[in-house]
Amino acid sequence: MVQEPKTMANSLDLRRMICETNVLSRSDCSAAFSQGATQVMVAVNGPAEIKIRNAESENCHLEVQYRSNAGQEDIQHRLMESLIKRSFVRVVATPAFCRSAVYIYVQEMTDKGGLLACSINAACLALITSGVELNFTVAAVHCIMTEDGVMILDPDQKQMKQPHSSFTFVFDSITKNTVTSYVYGSFTFEEYGQVVSVCRAAVDKIFNFYRKVSQNITKVVTDDC
């Protein structure tokens with residue numbers, strides 16, 4: 001018999017989300033987004049001119065640059081760029097802007113847990129408000145499981161000190177299938193399936209938040225009712 005993972009009170013709630021769009025004057029569109037105390041700033045430029053070697057005859061080319069708040073670059077930051085780009089390649093792969101490029105610049109402001117998910121959600125919000133044609137939208141959810149088998153959704157910095165395994169899943173807005181995942185730690189196949197199920201159920205709140213932002217582009221938006 002498979003043992004169900006334990007959950008603590010409020011452990012399956014997402015942290016409060018806040019978004020402000022068009023905060024930067026030198027980009028086509030931008031978004032400042034926070035989940036709890038984790039905050040990211042994203043600028044989007046494009047469709048724009050592209051170097052000939054990167055031009056694609058049928059699709060729009062996508063480039064992602066990630067910068068940490070410390071200004072130092074390492075392999076982990078290149079991994080962040082790769083995961084973010086992988087999440088959006090099919091999102092902006094539209095023939096409407098073939099032989100052009102969309103540039104996404106992600107600036108980490110504060111990291112208090114769930115930085116990858118926050119970065120992906122911030123990038124999607126910036127794209128939504130940029131006017132770039134998208135095939136669909138994506139949203140990311142972060143979850144951890146402790147050594148005691150307790151599942152914690154969207155953990156904060158304090159809770160991140162006790163993970164036995166960590167999961168970040170990116171879902172599409174059409175069928176809520178997994179677009180990208182970044183997982184590490186020790187877990188069973190059953191635990192993996194349970195975490196995917198919990199994250200897939202939670203992602204609806206983020207997609208609903210996207211709709212709220214798109215209807216109030218000139219305002220600061222929170223996920224409060």
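Remember, predicted model here, so these are calculated numbers, not experimental data.

### Points about the state of the cysteines
Move 1: Taken as a whole and judged by the stated rule, the model has zero disulfides.
Move 2: The thiol of C199 is not disulfide-bonded; the next cysteine sulfur, from C143, is found 4.7 Å away.
Move 3: Residue classification places C199 among the buried positions, given a relative accessible area of 0%.

### Examining the pairing of strand β8 (residues 150-153)
Residues in a regular strand project their side chains so that they alternate between the two faces of the sheet.
Move 1: Of the two faces of β8, the one holding V150 and I152 and the one holding M151 and L153 are both buried throughout.
Move 2: In terms of strand pairing, strand β7 (residues 138-146) meets β8 through three bridges, oriented antiparallel. Within β8, the residue paired with I144 across the bridge is I152.
Move 3: Taking the residues that link successive antiparallel strands as the turn, the β7-β8 hairpin has three residues, and the phi of G149 there is positive, at about 80°.

### Details of the packing of helix α1 (residues 75-88) against helix α2 (residues 115-130)
Move 1: For the pair α1 and α2, the least separation of the axes is 10 Å and the interaxial angle reads 45°. In this view, α1 runs oblique relative to α2, as classed from their interaxial angle. For the pair α1 and α2, the crossing hand works out as right-handed. Across from M80, L83, I84, S87 and F88 in α1, the residues of α2 making contact are L115, L116, S119, I120, A123, C124 and L127.

### Quick word on α2
Three- or four-residue spacings in an α-helix give side chains the same orientation, since the helix completes a turn every 3.6 residues.
Move 1: Its 16 residues place the ends of α2 22 Å apart at the C-alpha level, agreeing with the 22 Å of an ideal helix rising 1.5 Å per residue.
Move 2: At the exit of α2 stands G131, carrying a positive phi of roughly 90°.

### Remarks on the sheet that holds strand β2 (residues 17-21)
Move 1: Taken in spatial order, the six strands line up as β5-β6-β4-β3-β2-β11 in an open sheet, and their pairing is mixed. Two strands lie at the open edges of the sheet, namely β5 (61-67) and β11 (220-222), each paired on one side alone. Within the sheet, the average angular offset between the axes of one strand and its neighbour, ignoring direction, is 15°.
Move 2: The sheet strands contacting α2 are β2, β3 (29-35), β4 (38-48), β5 and β6 (101-110), and the helix crosses β3 at an angle near 145°.
Move 3: Here helix α3 (residues 189-215) sits on the sheet in contact with β2, β3 and β11, set at roughly 30° to β2.

Conventions we followed
Residues numbered from 1 in each chain as written. Predicted model: local features only at pLDDT ≥ 70, side-chain atom pairs only at ≥ 80, totals over all residues. Heavy atoms only, no water. Disulfide = S-S within 2.5 Å. Buried < 20%, exposed > 50% of the residue type's maximum accessible area, 1.4 Å probe, protein only. Helix = DSSP H or I, 4+ residues; strand = E, 2+ residues; numbered from the N terminus. Pairing = 2+ DSSP bridges. Axes fitted to C-alpha atoms, helices over the stretch in contact; angles between N-to-C directions. Parallel < 35°, antiparallel > 145°, perpendicular 65-115°, else oblique. Left-handed = near helix turned anticlockwise from the far one by under 90°. Contact = heavy atoms within 4.5 Å. Expected span 1.5 Å × (residues − 1).

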